[in-house]
Every structure is written in structure tokens, then in C-alpha cells.
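The chain contents come next:
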Amino acid sequence: MTVYIVLIVIVLLAVVFSSGRKNDKLMFWVLVGLLAVISAIRYQVGTDYPGYELRFSYVQRGVSDGSLETGFLWLVKLIIRFGGNAQTMFAIASILTGFAFGYTIYKNDDPKYRFFALFVYVCSTVYFGTMNAMRQYFAIAILIFGFEFLKKRKYILYVLCIFFASLFHTSAIFMLPFAILVFINDRKSVSLLGVLNVLVFISIIFMFVDLRPYVDTLLDFIPERYAAYLLEDYFSEKFFEARNFSAILKCIFPTALWFFTYYNRKKLLMEHKYIDLYMIGWALYVIINNAFYGINIFIRVYTLFEYFSLYIVPAAIGVMKLKSNRRIASICVVLYYVALTSYAIFYKNGNNVIPYDTIFGKDFF
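Residues numbered from 1 in each chain as written. Predicted model: local features only at pLDDT ≥ 70, side-chain atom pairs only at ≥ 80, totals over all residues. Heavy atoms only, no water.

**Q** Please set out the overall build of the protein chain residue by residue, giving values where relevant.
**A** Within the protein chain, the secondary structure is distributed over 18 helices and zero strands. A burial count over the protein chain gives 53% of its 365 residues as buried. Put simply, the protein chain shows about 17,500 Å² of open surface, and 67% of that area lies on carbon and sulfur atoms. (Helix = DSSP H or I, 4+ residues; strand = E, 2+ residues; numbered from the N terminus. Buried < 20%, exposed > 50% of the residue type's maximum accessible area, 1.4 Å probe, protein only. Areas by Shrake-Rupley, 256 points an atom, 1.4 Å probe, with all protein chains shown as cover.)

**Q** Which residues make up the packing of helix H1 (residues 2-17) against helix H6 (residues 114-123), and what values do they have?
**A** Between two packed helices, what matters for the description is the angle formed by their axes and the separation of those axes. The N-to-C vectors of H1 and H6 enclose an angle of 160°; their axes lie 8 Å apart at closest approach. Comparing their axes, H6 and H1 come out roughly antiparallel. For the pair H1 and H6, the crossing hand works out as left-handed. Two secondary-structure elements touch here, H1 through Ile8, Val11, Leu12, Ala14 and Val15 and H6 through Phe115, Phe116, Leu118, Phe119, Val122 and Cys123. Tallied by class, residues from the contact of H1 with H6 come to 11 nonpolar, no polar and no charged. (Axes fitted to C-alpha atoms, helices over the stretch in contact; angles between N-to-C directions. Parallel < 35°, antiparallel > 145°, perpendicular 65-115°, else oblique. Left-handed = near helix turned anticlockwise from the far one by under 90°. Contact = heavy atoms within 4.5 Å. Nonpolar A, V, L, I, M, F, W, Y, C, P; charged D, E, K, R; others polar.)

**Q** An account of the nonpolar core is requested, with residue identities and associated values reported.
**A** The biggest cluster of nonpolar side chains holds 116 residues, and the ones touching the most others in it are Tyr121, Met175, Phe178, Trp258 and Phe305. Sort the elements by how many residues they give to this core and helix H15 (residues 275-292) lands first, with 12 residues. If we ignore the near neighbours within four places in the chain, the residues touching Tyr121 are Leu35, Gly98, Phe101, Ile105, Val126, Tyr127, Thr130 and Leu310. (Core = buried A, V, L, I, M, F, W, Y, C linked by side-chain atoms within 4.5 Å.)

**Q** Outline the packing of helix H9 (residues 155-166) against helix H10 (residues 176-187), supporting the account with residue identities and numerical values.
**A** One way to put it is that H9 packs onto H10 with a least axis distance of 10 Å and a crossing angle of 165°. Between H9 and H10, the crossing angle belongs to the class labelled roughly antiparallel. You can see that H9 and H10 cross each other, and the crossing is right-handed. Two secondary-structure elements touch here, H9 through Tyr155, Tyr158, Val159 and Ile162 and H10 through Leu176, Phe178, Ala179, Val182, Phe183 and Asp186. Tallied by class, residues from the contact of H9 with H10 come to nine nonpolar, no polar and one charged.

**Q** Any details on the pattern of salt bridges? Residues and values, ideally.
**A** All told, the structure shown has four salt bridges when counted by the stated rule. Between Arg153 and Asp186 there is a salt bridge whose closest N-O contact spans 2.4 Å. Here Arg153, found in the loop between helix H8 (134-151) and H9, pairs with Asp186, found in helix H10; they are 33 residues apart in sequence, far enough to count as distant. Residue class for Arg153 comes out partly exposed when judged on its relative accessible area of 29%. Salt-bridge contacts for Arg265 lead to Asp276; the nearest nitrogen and oxygen are separated by 2.7 Å. Placement of Arg265 in helix H14 (residues 265-271) and of Asp276 in helix H15 is noted, with a sequence separation of 11 residues between them. (Salt bridge = Lys/Arg side-chain N within 4 Å of Asp/Glu carboxyl O.)

**Q** Give me the lowdown on unusual backbone geometry, citing residues and values where you can.
**A** Backbone torsion omega between Ile354 and Pro355 reads 5°, so that peptide bond is classified as cis. Mapped onto the elements, Pro355 comes out in the segment after helix H18 (323-347). In this model, Arg153 sits at a positive phi of 60°, which is unusual for a non-glycine residue. At Asn352, a position not held by glycine, the phi torsion is positive, near 55°. Inspection of the secondary structure puts Asn352 in the segment after H18. For Asn352, a relative accessible area of 34% gives the class partly exposed.

**Q** Run through the confidence of the model for the protein chain, naming residues and quoting values.
**A** Taken residue by residue, the protein chain gives an average pLDDT of 87. The fraction at 70 or more is 86%. The low-confidence segment residues 230-241, where pLDDT is below 50, has 26 contacts with residues more than four positions distant or belonging to other chains. (pLDDT = per-residue confidence, 0-100.)

**Q** Go over empty space enclosed by the protein with me, naming the residues and quoting the values.
**A** Counted by the stated rule, this structure contains two cavities of 30 Å³ or more. Along the walls of the largest cavity sit Val32, Leu35, Ala36, Ser39, Ser94, Thr97, Gly98, Tyr121, Tyr127 and Thr130, which together make up its complete lining. Mapped onto the lining of the largest cavity, the elements with two or more residues apiece are helix H2 (23-40), helix H5 (86-108) and helix H7 (126-130). Ranked by residue count, the leading element in the lining of the largest cavity is H2, at four residues. Residues belonging to the lining of the largest cavity are distributed by class as follows: five nonpolar, five polar and no charged. Within this model, the second largest cavity holds a volume of roughly 30 Å³. Among the elements that line the lining of the second largest cavity, the one with the most residues is H5, at four residues. Broken down by class, the residue content of the lining of the second largest cavity amounts to three nonpolar, four polar and one charged. (1 Å grid on protein atoms, 1.4 Å probe; cavity = no way out; pocket = protein on both sides within 12 Å on 5 of 7 lines; lining within 4 Å. Points joined across faces, edges and corners; volume = space filled by probe spheres on them.)

So this is what it looks like as C-alpha cells:
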């Protein structure tokens, strides 16, 4: 746990002392690299870590249990062909994923808020999620690079990125509706963001209405590999988040952030050319999170949109005119995310990332 606390402190110090000079670019990429390395050299860190080791050994022995998508299976076979081991697989995934997140922050966030976005990446627990749901975040890394095509409205190239990402985790296909919504929003024939705002309001109702008793009706319509998530939710707390007061609290900040950005959209649009894309992605995250939190299969879906916080949070703070308001908002956001990490990661050991160990031994850090 100590290594995580040190990382958070270092990023926060960068937030406080960044000056906007050229040296900040170097420091930014150094921190991105440090986060990637910490993930790359981990050992037995992450709930799914042993499972990935087992699957790697299956492929190594020429046995396939059908649990790996085609693209990831090819990657594992390529690693084996060049003499790599399971740790090589973790390292490659960590480095690609880590630098993908660094890249999207660099491309989309105001230089003044890049370190702050990096802090959100760590303390929104997305960073810790990359140590667990490795295949899905590998797919998300591909989608992040593809997002640059969508910004330029190169829909075909973005759809190809979705297809390529789905070869590593099939959940990537749920980004197709996102692309469709961006296309609809560009037509201006309907107030798409207004519709999404209404859906966010409706989703608040389902924060207090448990939909899990009804999800078994989906079993006949989804692939068998994902039906297991629904069944597991009923019989083991290990596989879903409890729907309790603390879980509801986790929905409040994202929802409030949506409403703030929605009602300040005109101001945001003056400073952020692609704010509508960020807002559409964030709305999808908020709606799915509010309505279906606690159901693992839907957690897999809203995870695809969670990284839009890296754009929305800094943009929301930056749009405030008064420096004092920006400072207060920044402090409040920092306190929220530190509390979230303290509870979800340090106390509840979310994603099973504690204790942290490395391939070099427990005493390396």
C-alpha cells in the first residue's frame, strides 16, 4: 500500500507545483512511465492475476479453454513464440495501457490540468482497475487511440478500432452506440444532450430500486460466458458491489458532475472543442452506473466510459471564472477522490491490489 500512497503524493505535488513550463511535459511523461512500470513489475497483484497466469500456461501447453478472445490469444502466442513468459504479458499490457491513458490526457486536457487529470486517473481507481481487468483495459487502450479518429469524425476508422478492440475484450462493441450518438448529435435535429439529461434524471430513481431480481430474464439473450456474471451476482458477494448507502454515495459525485457540465455547456464549448463528445461518454457512464451498479455485467459496460472523467473533471474546474472558486473546487475534488481510494482500495482492497509485490521480491520497495 505504501507504494500507492507515495505515487499519489508525487502526483499531487506535481499538481501543486506545476508551472506550465516545458519541463512539465517531461515530468508528465516521467510520471506516466512510473505508473506504467509500477503496474508492469507487479506480482500476484490483481484479482484476475492468477487466472491470467493459468490461461497463459494453457496456451503455452497448446490447450485452450476458450476464455481468451482471438486478439489476446494471438498476443499470448506471439509472446510465447519470442520466448516471453506470463510476466511479459503483464508488462506489455501495463505499458500499452498506461501510455494510452497518458496519451489521451496529453491530447485532450488543458496543459494546466494534465497533472490533475493524471491524479483523477489514479484516484478514480481506474489505474487500479488496469491491474485487474487486464484484457478489458487493453481493449480500452485501443479505443483511446481510436477516439482521436472519432474527434475528426472518421467514423469508419473508429469502428475499425472498436472491432480491433473487441478482439481483446468483446465488451468493446458497446462503444458502437457511443459513435452513433456522436453522429446523431452532429445532425442537430434533436437535442441529444437534452435527452441524455432526462435519462440521467430517470437513472437517479434506479439508484434506489434494485434491478437485480429482474436481470435473470437476460440469461436467454446474452452469451453464456457473460451469463456467468449474472449468476455469480446472486450467489457470491465477491462478484458484485453491494447496493448500500456507501455504494449510492459513489454515484452522487458523477451525477452532480454531469449536471454541472450540462448546465454550463455553452461556457465549456468556448474552451473545449470536443466537449459534446466528452459529455456523451460521461452521460452513458452516469446512466449505466446509476441504474445498474452492483450488477457485474453492467459494471463491465460502464467501465468503458469511466475514463471520460479524465476530460470532464478538469474541464468542469477550468470553466469557473474565479481563481478562488477553481481552487476550492480542486480541493473538494481531491478530497473526494482521496476518500474514494482510501475506502475502495486501501480499506476494501478493491481489485485485490493489496499487498503490492513485485517480480523482484517483497523488499524491492
